[in-house]
Amino acid sequence: MADIIEAQIIIPGEVTAEVIAASEPLSFWGGYNHKTGEIIDRRHPLSGHNAAGRILAVPFTRGSSTTTAVLLEAVRANTAPAAMITSAPDSFFALASIIADELYQSPIPLLVISRKDLIILRTGDRLQITSDGNIIIRHREINI
Amino acid sequence: MTLKLSKYDQELLAGTYGPAAKFGMTIIQRMAPVYGAHELLDISAAHIDSTIYIGEAGLEFAEKLASLGAQVAVPTTLNVSGLDEHYWQDWAVPADWANKAHRQMLAYESMGCVPTWTCTPYQDQMRPVFGQQIAWGESNAIAFANSVIGARTERYPDLLDICCAITGRVPAVGLHLDCNRIGNLLINLVDIPEQVRLDDSFYPVFGHLLGKIAEDQIPVVQGFTHRPSEDQLKALCAAAASSGAVALLHLVGITPEAPTIEAAFQGQVPNAKLNITLQDLINARLDLSTYHDGDVQMVVLGSPHFSLAEFKQLIPLLKGKHVHPNVRFLVTTNRLMAGLAHRAGLLDALYDFGGQVTVDTCILATPMLPAEIKLLMTNSAKYAYYAPGLLETEIAFGSMVDCVNSAVAGKVVRDDSIWQI
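Residues numbered from 1 in each chain as written. Chains lettered and ligands numbered in written order. Predicted model: local features only at pLDDT ≥ 70, side-chain atom pairs only at ≥ 80, totals over all residues.

## Focus: the nonpolar core
All names here are of chain B.
And then number 1: If you look at the biggest cluster of nonpolar residues, it comprises 193 residues, and the most contacted ones within it are Ala46, Ala143, Cys164, Ile166 and Ala240.
And then number 2: With 9 residues, the top contributor of residues to this core is helix α2 (residues 19-35).
And then number 3: Once residues within four sequence positions are removed from consideration, Ala240 is found in contact with Ala143, Gly207, Leu210, Gly211, Ala214, Val246 and Leu249. (Core = buried A, V, L, I, M, F, W, Y, C linked by C-beta atoms within 7 Å. Buried ≥ 20, exposed ≤ 12 C-beta atoms within 10 Å, placed from the backbone. Helix = DSSP H or I, 4+ residues; strand = E, 2+ residues; numbered from the N terminus. Contact = placed C-beta atoms within 7 Å.)

## Section: the packing of helix α12 (residues 308-318) of chain B against helix α14 (residues 346-353) of chain B
All names here are of chain B.
And then number 1: Between α12 and α14, whose axes approach to 10 Å, the crossing angle comes to 40°. As summarised for this structure, α12 and α14 are arranged oblique, according to the angle between their axes. The handedness of the crossing between α12 and α14 comes out as left-handed. Between α12, through Phe311, Lys312, Ile315 and Leu318, and α14, the contact on the second element is made entirely by Leu346, Ala349, Leu350 and Phe353. (Axes fitted to C-alpha atoms, helices over the stretch in contact; angles between N-to-C directions. Parallel < 35°, antiparallel > 145°, perpendicular 65-115°, else oblique. Left-handed = near helix turned anticlockwise from the far one by under 90°.)

## Comments concerning the interface of chain B and chain A
And then number 1: Taken together, the contacts link 33 residues of chain B with 32 residues of chain A.
And then number 2: Broken down by secondary-structure element, the contributors of at least two residues to the side of chain B that touches chain A are α2, α3 (56-67), α9 (230-243) and α15 (381-390) of chain B.
And then number 3: Looking at the side of chain B that touches chain A residue by residue, the classes come out as 17 nonpolar, 8 polar and 8 charged. (Nonpolar A, V, L, I, M, F, W, Y, C, P; charged D, E, K, R; others polar.)

## Focus: helix α6 (residues 160-167) of chain B
All names here are of chain B.
And then number 1: Among the 8 residues in α6, 8 count as buried, and that is most of the element.
And then number 2: What α6 keeps buried is the set Leu160, Asp161, Ile162, Cys163, Cys164, Ala165, Ile166 and Thr167.
And then number 3: Two residues or fewer past α6, Gly168 is found with a positive phi of approximately 75°.

## Here's the deal with the environment of Glu230(B)
All names here are of chain B.
And then number 1: With respect to the secondary-structure elements, Glu230 resides in helix α9.
And then number 2: The class for Glu230 is partly exposed, based on 14 C-beta atoms found within 10 Å.
And then number 3: In the structure, Glu230 is positioned 77 residues away from Ser307 in sequence and 9.8 Å away in space, judged by C-alpha atoms.

## A short note on the confidence of the model for chain B
And then number 1: Looking at chain B, the pLDDT average stands at 96 and 100% of residues meet or exceed 70.
And then number 2: Scoring of the predicted complex yields 0.94 for pTM and 0.93 for ipTM. (pLDDT = per-residue confidence, 0-100.)

## Looking at the pairing of strand β13 (residues 375-378) of chain B
And then number 1: Across the two faces of β13(B) the burial is the same, with Leu375(B) and Met377(B) and Leu376(B) and Thr378(B) all buried.
And then number 2: In this region the chain leaves β13(B), passes through α15(B) and returns to the parallel neighbour strand β14 (residues 394-397) of chain B; the handedness of that crossover is right-handed. (Right-handed = clockwise from strand over helix to strand, strands pointing away.)

## A word on the sheet that holds strand β5 (residues 83-86) of chain A
Residues and elements named next belong to chain A.
And then number 1: Spatially, β1-β8-β7-β3-β4-β5-β6-β2 is the arrangement adopted by the 8 strands of the open sheet, whose pairing is mixed. The open sheet has two edge strands, β1 (2-6) and β2 (8-11), and neither has a second partner. Direction aside, the axes of adjacent strands within the sheet are offset by 30° on average.
And then number 2: Where strand β3 (residues 15-21) meets strand β7 (residues 126-129), 4 bridges bridge the pair, whose relative direction is antiparallel. Residue Ala17 lies in a different strand from β7, and its bridge partner there is Leu127. (Pairing = 2+ DSSP bridges.)

## Some remarks on the pairing of β5(A)
Residue and element names in this part refer to chain A.
And then number 1: Alternating residues of β5 divide into Ala83 and Ile85 and Met84 and Thr86, and every residue in both groups is buried.
And then number 2: One crossover worth recording links strand β4 (residues 55-57) to the parallel β5 by way of helix α1 (residues 67-76), and it is right-handed.
And then number 3: Judged from the 3 bridges that link them, β5 and strand β6 (residues 110-112) form a sheet pairing that is parallel. The residue bridging Thr86 from the neighbouring strand is Val112, located in β6.
And then number 4: Handedness of the β-α-β unit built from β5, helix α2 (residues 91-104) and β6 comes out right-handed.

## Examining α3(B)
Side chains three or four residues apart in an α-helix point the same way, a direct result of the helix having 3.6 residues per turn.
And then number 1: The end-to-end C-alpha separation of α3(B) is 16 Å, in line with the 16 Å expected for 12 residues at 1.5 Å each.
And then number 2: Within α3(B), burial applies to Ala57(B), Gly58(B), Phe61(B), Ala62(B) and Leu65(B). Each buried residue of α3(B) sits inside an arc of 135° when the element is viewed along its axis, so together they form one side.
And then number 3: Those residues of α3(B) that are buried lie in contact with α1 and α2 of chain A together with α2, α4 (95-109) and α6 of chain B.
And then number 4: Directly beyond the C-terminal end of α3(B), a positive phi value near 85° is found at Gly69(B). (Expected span 1.5 Å × (residues − 1). Arc of directions from axis to C-beta.)

Now the structure itself:
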């Protein structure tokens, strides 16, 4: 079964990958290990998950101004998420993606969907992000 | 949406003011649509959070700007660095890290920034004034500048702050504009006992809770019965900006844009109203600790950086006592406050107790802690929030008095008597 969400494009790109998703905002400083891609905020529901090469979906960034710098380090170390989805344009993620483009020619696709759509995404779902901003969800199969 | 650029903006983009300013304006121009900006506006000061060395990319960014000849266009202060230049060898900082963190410091100093090296630029000489348009990074400083001073800054991320400083321009959006500074969430403090309100810990605990509740909204808090000290407001802002994305909060009767509740909401109706009770505060205080008893290897004060007033508050508590041999007692501050404390004779009293001072950085921004430190104690909600993820230590949160008593005893000693129903 596949659902399609139409997203607002902040930074365009095509990606197909597994999503890790939470309805709680995340700070990358103190929340993301740029050497490994692991979520390390021990109070966050995604603590222990690895976001490298996956699509990260959180409503927005909280806390530290350093989130941008950590994400840029992750891009350079190849441990960044393959794409990111938020519920409002997130200037911290966008800036890291734009600077990653200017410095390393590797922007991270960044899309915005409604908070209602964000909670549909479940960690482990496979998402296909198209260049025109559609997100095609292939839900993880649940064996009953 | 089109972005209208001034003649100066266009000249910056064309390279008239050099390649670094061109790079800065290119980034700002690309960010403007993300912010929904139609135009840019002038700032008259900046505070740079990009100073913290994290890895190769941040250093490459800083050295690239420096090599392009970047110079700041407005008076600019610097946030904490990744290194205490003078005393890093007393700690576990690797030499390679020290070298790179120092290169990053030199890169930002070469751009004409003032080497304040502090997360509390609002307690330094270059404190902004009410209504001043500024571009500040560092979450606690942003919340303080907007809320306590009434200066105007968006929540600037690292790397954009320096682009704004070298161009003197920012997107005209968000908290720069009066219309976006209206409160939208009403918080009532209900039946909070006097002895809790008078306790220093009330501010970081309440801030931690406020950040979680407010997320990215602008809370208006009603029910303050005492005028907090500047350091108490500092603790509150830092906590709310760690657990949430709070960049502006209003305290009715306390902060400059909230003389009354009507002023804080500018006649509009709050999106939501919420009561905070003692039980909520008790829960928030528990949430700040990952560990409640046991042997403490380190006690650390000073996030945000310790002020002279906090040194004056601390020193009498240390009189006639000495830190336990298994504990390191550390105050993190900046070179200015350490200098003032030294001249006032306060540092000698701290050293006599067995304490140490680290300047210009903090335990989160430099890898200074030896591996044997498993349980940290602090009175800072910001340290308590970030240490488990960044340092992989356990955390015990307590008051300044609890911290001193624990440092002497070598284990967590907390007076919980006021934090009970």
